[in-house]
Amino acid sequence: MDAFKVKDKLTDQVAACIEGRIGEMLDACMKDGIMTDNYKRFTRAYTEKLDSEGLFTGEFWGKWFTSAAPAARYRPTAENMVIVDDAVKMLLSAQEPTGRLSASATDFTTWDLWGRKYALLGLVARYDLAADELGCKALSAAAAALDDIIAHTRDAGVKITETGLAALQAESSCSILQPVVQIYLRTGEKRFLDFAEYLVDLWSQPSAFNPRGMRLIEDSLDGVAPINIAAPKGYEIMSCWEGVCELYRATGNEKYLHAALAYMNLVQEREAMITGSGSSGELWCDGRLRQTQMLEAPMETCVTATYMKICHQLLRLTGCAAWADQMEISLFNALAGAMKKDGSWWAYFSPLQGCRVPSQIQIADMNSSCCVVNGPRALTEVTQWAVMGRSDGAAVCLYQTGEYPCEGGWFIRQKTDYPHGETVTLTVDRAPAKEATLALRIPAWSQNTVLSLNGQPVDLCTALQDGWCCLSRRWQTGDTLILTLDLSPRIVDAPANPVYKAVMVGPLVLGMDEKYTRMPENTPLWLMNDTMQRLHDDTLKVDYYRAQSVDDAGHTPFIRPVSLEDGKTGYAVRFLHRPVHFFDHKELELTFLDYADCGDMEDAGRAMRVWFPVPLYTADIFPPHSRKTVNPFSNDSDTL
């Protein structure tokens with residue numbers, strides 16, 4: 001039954017093949033991170049009820065499965081399907097006769113509903129992968145498990161807003177909203193929609209955990225800063241908002257969409273850092289305004305993944321290209337930097353100043369951690385949003401060499417070395433049988449974009465709509481578009497302190513790594529920009545630069561690519577050494593890298609840095625106190 005009241009403006013499609021940096025990440029992560037036999041450990045949480053004493057092992061199976069299912073859709077090999085089907089069968093064998101599906105022997109231990117949520121998400125994902133016999137059995141099992149939850153919460157007078165951790169104000173339990181609505185949308189059973197709306201109504205009611213109530217909807221619409229809405233646990237509260245997006249699809253109630261947009265706009269204004277993530281110690285912290293500071297345990301990978309997932313939701317619902325811009329920043333920076341190059345492990349925290357923190361093994365029985373199973377969820381979703389469908393055609397959201405089929409008869413091939421190269425060639429290998437629209441995302445940072453179709457220039461002034469270049473025509477096989485994006489480097493001022501600077505090229509944030517950024521002595525350096533003027537004094541016989549007003553400083557740095565000794569590509573960024581007055585002014589260069597290449601989880605003590613003050617004293621690029629990011633969970637014997 002089709003229970004959707006709202007149709008997505010952009011619909012997920014599955015890429016045939018993604019190459020380039022993202023394709024390499026996907027291949028590595030699927031081979032050594034996702035398609036392994038760890039799921040057998042994860043199922044033990046349910047068969048042995050490992051969460052009876054308050055652990056959170058119940059989350060692992062569903063988190064893993066919600067990356068394994070899209071991985072199997074992207075690479076539908078017999079081996080991959082055997083893994084996902086075996087995992088579902090093992091989980092279903094742990095379901096109790098009443099339908100109850102929990103990793104705890106008793107109801108409502110600390111993380112009970114949180115774990116059940118992920119089991120439900122995984123079962124729905126199997127149904128979405130294929131509505132075959134096992135897929136339908138998985139959906140039926142999810143419905144039975146949800147009926148059991150309803151019977152023991154609402155029908156038994158137990159408020160979900162009074163379960164889980166009081167410190168989180170039940171956000172972990174309340175995030176079950178997402179699979180509740182998903183199950184309704186796939187079954188059409190109104191009792192599930194009624195329960196979803198009942199749960200959201202609970203958010204507005206006083207509880208034992210919060211006398212005001214959580215007030216997620218009301219406070220977001222009122223513009224309350226995320227740090228002051230309910231509990232500021234970035235991961236869990238954004239998981240609740242994923243459910244709100246699903247509820248909008250089910251009801252068409254505009255309040256839900258407006259609230260989700262209001263909340264995520266507030267997150268961008270106050271929490272999202274330059275690399276597309278946020279949090280300190282897993283909590284919102286006004287991080288956008290504090291990102292030049294040394295934050296304890298910054299940018300949890302779970303926050304990165306969930307931020308990308310809700311941006312994906314809003315991209316689908318609104319069709320607004322700005323959400324794809326946000327995902328691209330996160331993908332190439334925060335997410336790419338968090339994954340070990342072989343795809344087998346992930347960072348727990350990724351600082352803008354300090355050292356990457358590879359995740360510890362949180363629970364020995366699981367041989368994993370929350371971040372290690374969450375990072376792949378955001379990565380495998382890329383296969384679904386790289387090129388998307390729209391009612392009148394297709395939309396290209398991500399530029400990476402590869403092959404991209406779409407509904408409606410499209411097959412688009414890309415060739416590019418973006419984001420390091422500026423040119424993207426798109427060829428229509430198979431065209432729709434009627435007039436259709438091909439929309440190309442034009443990133444907000446690309447100020448001078450050039451596009452041609454079959455060798456003829458396209459007027460972007462007339463074709464550009466809300467971040468998309470929309471071309472409508474009767475397409476022919478062999479039609480070729482050449483898109484040239486503006487990868488001019490730019491200087492970014494820190495939002496709360498313009499004396500601090502960072503450097504970006506396209507979507508890439510650059511950073512310094514102590515292995516490559518070396519300076520033999522303590523030298524004060526001023527970042528050079530395009531509005532600096534080199535002057536000459538005939539009397540003194542000197543060339544010099546005047547001090548520059550903060551208001552007059554340009555935002556274009558001087559950068560050139562350089563090859564590093566280990567084959568990496570770096571960037572030589574020009575600085576000015578101005579020791580005194582007009583004398584001995586010298587131009588010097590410091591080596592920067594892509595943020596994702598800075599630091600190394602194999603060398604966990606290697607410092608890196610994104611934001612830097614101007615002037616920058618080279619002896620202070622990597623101060624001793626920044627060498628070890630605060631990691632309250634670290635245990636050297638457990639850290640990979």
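Residues numbered from 1 in each chain as written. Predicted model: local features only at pLDDT ≥ 70, side-chain atom pairs only at ≥ 80, totals over all residues. Heavy atoms only, no water.

A. View of the overall build of the protein. Across its full length, the protein carries 17 helices and 28 strands. Expected size for 640 residues packed as a compact globule is a radius of gyration near 26 Å; at 25 Å, the protein falls within 12% of this value. The buried share of the protein, reckoned over its 640 residues, is 60%. Within the protein, residue pairs in contact and separated by at least 24 positions form 71% of the contacts whose partners lie at least 6 positions apart. Of the roughly 23900 Å² of accessible surface on the protein, 50% is carried by carbon and sulfur atoms. A distance of 1 Å separates the average location of the 61 positive side-chain charges in the protein from that of its 82 negative side-chain charges. (Helix = DSSP H or I, 4+ residues; strand = E, 2+ residues; numbered from the N terminus. Rg over C-alpha atoms; globule rule 2.2 N^0.38 Å. Buried < 20%, exposed > 50% of the residue type's maximum accessible area, 1.4 Å probe, protein only. Contact = heavy atoms within 4.5 Å. Areas by Shrake-Rupley, 256 points an atom, 1.4 Å probe, with all protein chains shown as cover. Lys, Arg positive; Asp, Glu negative; His and termini not counted. Charge placed at Lys NZ, Arg CZ, Asp CG, Glu CD.)

B. Structural detail: the sheet that holds strand E7 (residues 393-396). Strands sit in the order E1-E6-E7-E11-E15-E14 across an open sheet of 6 strands; the sheet is mixed. A single partner strand is all that each edge strand has here, and the edge strands are strand E1 (10-11) and strand E14 (464-465). Two elements, E7 and strand E11 (residues 436-441), share 4 bridges in a ladder whose sense is parallel. Paired with Ala395 across the bridge in E11 is Ala439. In the packing of helix H14 (residues 301-318) onto the sheet, the strands contacted are E1, strand E6 (387-390) and strand E15 (468-473), and the crossing angle to E6 comes to about 30°. (Pairing = 2+ DSSP bridges. Axes fitted to C-alpha atoms, helices over the stretch in contact; angles between N-to-C directions.)

C. Highlighting the pattern of salt bridges. A complete count under the given rule lists 43 salt bridges for this structure. Of the charged contacts, one joins Arg75 and Asp27 as a salt bridge, the two residues approaching to 4.0 Å between their closest N and O atoms. On the criterion of sequence distance, the pair formed by Arg75 in the loop between helix H3 (58-74) and helix H4 (78-92) and Asp27 in helix H1 (residues 20-34) is long-range, its members being 48 residues apart. For Arg413, the salt bridge identified is with Glu403, shortest N-O distance 2.5 Å. Of the two residues, Arg413 sits in strand E9 (residues 410-416) while Glu403 sits in strand E8 (residues 402-406), which places them 10 residues apart along the sequence. The class of Arg413 is partly exposed, set by a relative accessible area of 34%. A single salt-bridge network, built from bridges that share partners, covers Lys49, Glu96, Arg100, Asp107, Asp112, Arg116 and Asp148. (Salt bridge = Lys/Arg side-chain N within 4 Å of Asp/Glu carboxyl O.)

D. Layout of the pairing of strand E10 (residues 423-430). Relative to E10, E9 is paired through 6 bridges, and the arrangement is antiparallel. Paired with Ile412 across the bridge in E10 is Val428. From the end of E9 to the start of E10, which pair antiparallel, there are 6 residues. Here E10 pairs with strand E16 (residues 480-484) via 5 bridges, running antiparallel. The partner of Thr425 across the bridge, within E16, is Ile482.

E. Spotlight on the sheet that holds E9. Overall, antiparallel pairing links the 7 strands, which are arranged E2-E8-E9-E10-E16-E12-E13 in an open sheet. Two strands in the sheet have a free side with no partner beyond their single neighbour: strand E2 (17-18) and strand E13 (456-457). In this structure, strand E12 (residues 450-453) lies alongside E16, joined through 4 bridges in antiparallel fashion. The residue bridging Leu451 from the neighbouring strand is Leu483, located in E16.

F. Local environment of the packing of aromatic side chains. With the rule as written, the count across this model stands at 19 aromatic pairs. Judged by centre distance (5.2 Å) and plane angle (80°), the ring pair of Trp114 and Tyr118 falls under edge-to-face. Taken as a pair, Trp114 and Tyr118 lie in helix H5 (residues 112-129) at a separation of 4 residues, close to a single helical turn. Taking the relative accessible area as the measure of exposure, Tyr118 reaches 1% and is therefore buried. Consider the rings of Trp114 and Tyr235, whose centres lie 5.1 Å apart with planes at 75°: the pair is edge-to-face. Pair noted here: Trp114 is in helix H5 and Tyr235 is in helix H11 (residues 234-251), with a separation of 121 residues, a long-range link. Judged by relative accessible area, Trp114 falls into the buried class, the value being 1%. (Phe/Tyr/Trp six-rings, centres within 6.5 Å; stacked < 30°, edge-to-face > 60°.)

G. How the structure looks around the confidence of the model for the protein. For the protein, mean pLDDT is 94; residues scoring 70 or higher make up 98% of the total. Overall, residues 635-640 carries pLDDT values under 50, and its contacts beyond four positions in sequence, including any with other chains, amount to 8 contacts. (pLDDT = per-residue confidence, 0-100.)

H. Structural detail: a nonpolar patch on the surface. Judged by side-chain polarity, Leu540, Val580, Phe582 and Phe583 come together as a nonpolar surface patch covering roughly 320 Å² of accessible area. Relative to the assigned elements, Leu540 resides in the loop between strand E21 (534-537) and strand E22 (542-545). (Patch = residues over 30% accessible without salt bridge, like charges linked within 9 Å, V, L, I, M, F, W, Y side chains within 5 Å.)

I. Quick peek at the side chain of Asp513. In this structure, Asp513 sits in strand E19 (residues 508-513). The exposure class of Asp513 is buried, given its relative accessible area of 0%. In this structure, Asp513 is in contact with Leu593, Asp597, Cys598, Gly599, Arg606, Ala607, Met608 and Phe622, ignoring residues within four places of it in sequence.

J. Representation of the nonpolar core in the model. By size, the foremost hydrophobic cluster in this structure holds 199 residues, and its most contacted members are Trp61, Trp64, Leu123, Trp203, Trp241, Met264 and Trp475. What Leu123 contacts, discounting residues up to four positions off in sequence, is Trp61, Val88, Leu91, Leu92, Leu101, Ala138, Ala141 and Ala142. Counting 22 residues, the second largest nonpolar core, distinct from the first, contains Tyr500, Met504, Leu593 and Val610. (Core = buried A, V, L, I, M, F, W, Y, C linked by side-chain atoms within 4.5 Å.)

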